[in-house]
Each structure stands twice: as structure tokens, then as C-alpha cells.
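# Topology and contacts: notes
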Amino acid sequence: MKTQFLITMILAMLWIALSPAHASEKEVSKDQVPKTVLEAFEKTYPNAKEVEFEQGMIEGKVVYEIEYKENGREYEILYDSDGEILQKEESIDVETLPVPIALAIAKAYPKATLEEAEKVMNPEGALIGYEVEIKSEGKKFELQLDTYGKILKTEQD
């Protein structure tokens, strides 16, 4: 159990470090995205619709976030310049958030309304946490939570 907790905490810290919120993102056109990134994306996600591109910096390195829709869901994939996946996000219905996540939000923000939710996964697709957008007392916040419901980061929009 301790080993699993330690692994989860390490993954959570990595997730925070790689979080696009740390990047100064700007929208870019498809032509501005490296060929290696486009090829990796198009090979893996050939049925992607409504594709949008952003470029950012994380720890001094250029990264690319590709947002798209497929099968009624929204996704975001974060790539490095070489076309390697750093992180994946998948939109989910807020009603499907696990109980520990919902309870942690309710405890920290008792008057909050859940607006949007995403599962955050590592490059292999393993769940490492959740990103949730809430509205509380007229303000919007984005929360990053680990899989146990611990709030790792809060940003006001």
C-alpha cells in the first residue's frame, strides 16, 4: 500500500510539473506544428475531429497541445517537440467523478458548482488524476486532484 501511495505521489508531482497550466500557451496553426508531432498524432488518432493546436513552454522546452473531439468526447494530448506523448486528458461527465474526488471538492468548496471534468493520464494511458473546473461564489477555479481526492493545485480563472 505504501509503495502504491508513493508511486501515485510521484506521478502526481510529475503531472503538476508537466501541467499545461505551467506553460505559456498560444494557439498555432497546423503548419506551425513540427512534422514529428503531427505524424505521431495523426497515426494514433486518425478519426480526430475539430483539431486545434497550441504551443507552450514547460521547464524551458517547447511542447504542443493538440485538442480534438472523437466519439462525442473531447481530448487533449501534450507532446514534446519529438512527437513523444507527455500527458493525455479526456473529458468526462462531472456526474461520473469518483466519490473521493467529489467529496474533496465539496469539502473545500461547499458552494461550488461543477462545470467540467477531465481524467488526466500518463503517456501509457494510466489514470494519474483529475482536472475539474468549478464555479464558487461567482468565481471560476480549476482544480487538479490526485486519484485519492487530494487537491494538488488550484488556479483561479
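Residues numbered from 1 in each chain as written. Predicted model: local features only at pLDDT ≥ 70, side-chain atom pairs only at ≥ 80, totals over all residues. Heavy atoms only, no water.

### Some details on the side chain of D146
- Structurally, D146 is set in the loop between β8 (139–145) and β9 (151–156).
- For the buried D146, no salt bridge exists, and the shortest N-O distance to an oppositely charged side chain is 6.0 Å, to K150.
- Of the polar contacts made by the side chain of D146, one reaches the backbone nitrogen of G149; its length is 2.9 Å.
- Engagement of the side chain of D146 in a polar contact is seen with the backbone nitrogen of K150, the distance being 2.9 Å. (Helix = DSSP H or I, 4+ residues; strand = E, 2+ residues; numbered from the N terminus. Buried < 20%, exposed > 50% of the residue type's maximum accessible area, 1.4 Å probe, protein only. Lys, Arg positive; Asp, Glu negative; His and termini not counted. Salt bridge = Lys/Arg side-chain N within 4 Å of Asp/Glu carboxyl O. Polar contact = N/O pair within 3.5 Å; in protein donor to acceptor, adjacent residues only side chain to side chain.)

### Some details on a negative patch on the surface
- On the surface, a cluster of negative charge is made up of E27, E52, E74, E115 and E116.
- Note on placement: E116 falls in strand β6 (residues 113–121).
- Look at E116 and you get partly exposed, because its relative accessible area is 46%. (Patch = residues over 30% accessible without salt bridge, like charges linked within 9 Å, V, L, I, M, F, W, Y side chains within 5 Å. Areas by Shrake-Rupley, 256 points an atom, 1.4 Å probe, with all protein chains shown as cover. Charge placed at Lys NZ, Arg CZ, Asp CG, Glu CD.)

### Thoughts on unusual backbone geometry
- Although it is not a glycine, E50 adopts a positive phi angle of roughly 50 degrees.
- Of note, E50 is situated in strand β2 (residues 49–58).

### So, the sheet that holds β9
- Strand order across the open sheet formed by nine strands is β1-β2-β3-β4-β5-β6-β7-β8-β9, with antiparallel pairing between neighbours. Each edge of the sheet is formed by a strand with only one pairing partner; in this case those strands are β1 (26–28) and β9. Each strand of the sheet is rotated relative to its neighbour by a mean of 25 degrees, with strand direction disregarded.
- Alignment of strand β4 (residues 73–80) against strand β5 (residues 85–92), held across five bridges, turns out to be antiparallel. If you follow I77 over to β5, its bridge partner there is K88.
- Along the sheet, helix α3 (residues 99–108) makes contact with β6, β7 (127–136), β8 and β9, crossing β8 at roughly 140 degrees. (Pairing = 2+ DSSP bridges. Axes fitted to C-alpha atoms, helices over the stretch in contact; angles between N-to-C directions. Contact = heavy atoms within 4.5 Å.)

### Remarks on α3
- Of all the residues in α3, the buried ones are I101, A104 and I105. One side of α3 holds all its buried residues, which, seen down the axis, span an arc of 95 degrees. Exposed side of α3, more than 90 degrees from the buried face: V99, L103 and K107 are the residues found there.
- Each element contacted by the buried residues of α3 is listed here: β6, β7, β8 and β9. (Arc of directions from axis to C-beta.)

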